[in-house]
Amino acid sequence: MANGQWFPPDWPERIRALADGTLTPVAPKRAATVMLLKDAGSGPVIHMLRRRASMAFAGGAYAYPGGGVDPRDDDRHVRWAGPPRTWWAERLGVDETAAQAVVCAAVRETYEEAGVLLAGPTPGSVVGDTTGDDWEADRAALVARETSFAEFLDRRGLVLRSDLLGAWTRWITPEFEPRRYDTWFFVAVLPEGQRTRNASTEADRTVWIRPADAAASYDEGELLMMPPTIATLRQLLPYGTAAEALAAAPARDLTPVLARARLVDGEVVLSWPGHDEFTKHIPAGGGPA
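All values reported here derive from a predicted model rather than from experimental measurement.

Here's the deal with the environment of Ala40
- Mapped onto the elements of the fold, Ala40 is located in strand β1 (residues 29-40).
- C-alpha separation for the pair Ala40 and Trp208, spaced 168 residues apart in sequence, amounts to 9.6 Å.

A look at the sheet that holds strand β14 (residues 275-282)
- Spatial ordering of the open sheet is given by β12-β13-β14, a layout of three strands whose pairing is antiparallel. Each of the sheet's edge strands pairs with one partner strand only, and the pair in question is β12 (260-264) and β14. When the angles between neighbouring strand axes are averaged without regard to direction, this sheet yields 20 degrees.
- Taken together, the five bridges between β12 and strand β13 (residues 267-272) define a ladder with antiparallel strand orientation. Residue pairing across strands places Arg262 opposite Val269, the latter belonging to β13.
- Against the sheet, helix α7 (residues 227-236) makes contact with β13 and β14, and its axis sits at roughly 155 degrees relative to β14, the strand it touches most.

Details of the pairing of β14
- Where β13 and β14 come together, four bridges link them in antiparallel fashion. Bridge assignment links Val269 to a residue of β14, and that residue is His281.
- Between β13 and β14, which pair antiparallel in sequence order, lie two residues; one of them, Gly274, sits at a positive phi of approximately 85 degrees.

Concerning the sheet that holds strand β7 (residues 159-161)
- The three strands lie next to each other as β5-β7-β6, forming an open sheet whose pairing is mixed. Each having just a single partner strand, β5 (80-81) and β6 (119-120) make up the two edges of the open sheet.
- Note that β6 and β7 share two bridges and pair antiparallel. Pairing of Ala119 across the sheet is with Leu160, part of β7.

Here's the deal with empty space enclosed by the protein
- Across all of its chains, the model carries one cavity of 30 Å³ or more by this definition.
- Empty space within the largest cavity amounts to approximately 40 Å³.
- Taken together, His77, Val78, Arg79, Ala150, Leu153 and Asp154 make up the full set of residues lining the largest cavity.
- For the lining of the largest cavity, the residue count by class is three nonpolar, one polar and two charged.

Digging into the packing of aromatic side chains
- Tallying each qualifying case throughout the model produces ten aromatic pairs.
- Geometrically, the ring pair formed by Trp88 and Phe186 is tilted, given 6.0 Å between the ring centres and 55 degrees between the ring planes. Here the residue Trp88 occupies a position in helix α2 (residues 85-92), and Phe186 occupies one in strand β9 (residues 181-189), the gap between them amounting to 98 residues.
- Judged by relative accessible area, which is 0%, Phe186 ranks as buried.
- With a centroid separation of 6.4 Å and an interplanar angle of 85 degrees, the aromatic rings of Tyr111 and Trp135 are classed as edge-to-face. On the criterion of sequence distance, the pair formed by Tyr111 in helix α3 (residues 96-114) and Trp135 in helix α4 (residues 133-143) is long-range, its members being 24 residues apart.
- An aromatic cluster is defined as three or more aromatic residues linked by ring pairs; in this entry it consists of Tyr111, Trp135, Phe149 and Phe152.
- Against the face of Trp208 rests Lys38, its NZ or CZ located 4.5 Å from the ring centre.

Section: the nonpolar core
- Of all hydrophobic cores here, the largest spans 40 residues; its most connected members are Leu92, Leu117, Leu165 and Phe186.
- Of all the elements in the fold, those that place two or more residues in this core are β1, α2, α3, α4, α5 (149-156), β8 (165-172) and β9.
- A total of ten residues in this core trace back to one element, the largest contributor, which is α3.
- Sequence-distant contacts of Leu165, defined by excluding residues within four places in its chain, comprise Val34, Trp88, Val103, Ala106, Val107, Leu118, Phe186, Val187, Ala188 and Leu246.

Comments concerning the packing of α3 against α4
- In the contact formed by α3 and α4, the axes pass within 10 Å of each other and the chain directions differ by 120 degrees. The orientation of α3 relative to α4 falls into the category oblique. The two elements α3 and α4 meet at a crossing, and its hand is left-handed. Of α4, the residues touching α3 (which contributes Arg108, Tyr111 and Glu112) are Trp135, Arg139, Leu142 and Val143.

Regarding the packing of helix α6 (residues 211-219) against α7
- The contact between α6 and α7 brings their axes to 9 Å, and the two run at 135 degrees. Between α6 and α7, the angle falls in the class oblique. For α6 against α7, the interelement crossing comes out left-handed. Contacts between α6 and α7 involve Pro211, Ala214, Ala215, Tyr218 and Asp219 on the former and, on the latter, Ile230, Leu233, Arg234 and Leu236.
- Within the contact of α6 with α7, the residues separate by chemical class into seven nonpolar, no polar and two charged.

Reading guide: rules and limits
- Residues numbered from 1 in each chain as written.
- Predicted model: local features only at pLDDT ≥ 70, side-chain atom pairs only at ≥ 80, totals over all residues.
- Heavy atoms only, no water.
- Helix = DSSP H or I, 4+ residues; strand = E, 2+ residues; numbered from the N terminus.
- Pairing = 2+ DSSP bridges.
- Axes fitted to C-alpha atoms, helices over the stretch in contact; angles between N-to-C directions.
- Contact = heavy atoms within 4.5 Å.
- 1 Å grid on protein atoms, 1.4 Å probe; cavity = no way out; pocket = protein on both sides within 12 Å on 5 of 7 lines; lining within 4 Å.
- Points joined across faces, edges and corners; volume = space filled by probe spheres on them.
- Nonpolar A, V, L, I, M, F, W, Y, C, P; charged D, E, K, R; others polar.
- Phe/Tyr/Trp six-rings, centres within 6.5 Å; stacked < 30°, edge-to-face > 60°.
- Buried < 20%, exposed > 50% of the residue type's maximum accessible area, 1.4 Å probe, protein only.
- Lys NZ or Arg CZ within 6 Å of the ring centre and 35° of its normal.
- Core = buried A, V, L, I, M, F, W, Y, C linked by side-chain atoms within 4.5 Å.
- Parallel < 35°, antiparallel > 145°, perpendicular 65-115°, else oblique.
- Left-handed = near helix turned anticlockwise from the far one by under 90°.

Take a look at the structure:
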């Protein structure tokens, strides 16, 4: 392959089925993912995980910590620091309860998959090291969905630090995919005193890597990524520090990016508006070109 763009072998067939009306799109589920940054000597580096090759979806691809929204976090009271829920609702384009749940998902998934918790005992603090046995028990309970994130925060007496997150972009899984997500991408800076680890059962490797290096490896076909991942990596290239990227988030356009598949002279053309590099031409009976 010319680059590391993830392209499942069943896409052409599903795209044609969507184009001829024999495939009905499923409704996307809400999700959140977090681009966790820290500063290194040569500029910011980003935390990425490699999905296990055995995973049915995007196996072997590099991605960020993330996952689906837990509906239990929609309306339960959460101690909250940073912009109010009304601000987040307007920013994310949803109502207040959904905004709380999306932000909770971003913070929860970062804790579940990277061991980093954007919360603290007061509105101006964050917890320290979260690698003890008691923290691990709580993390495992969250992963197993034995407890909600709102319940976890309440029992621990923690305040969610929404001010440590910046909403960056929003992508919706293409309509021809059998599992679809409406995903908000956030940016965050690794809190002082905390460290990442591979806490995800879905990943076999984690790395801290310069966005430019990750993008170059994708271009050379060495790192496999989905379009939203490489697109966001390229968007981070102008920033010289992690704080600069976080500060830029409020001005980012959150208009959802949704792939389009259309038939042109018998050929399927797959494109992502605003991201021409991902356009694929699929001849009748063939794979992508």
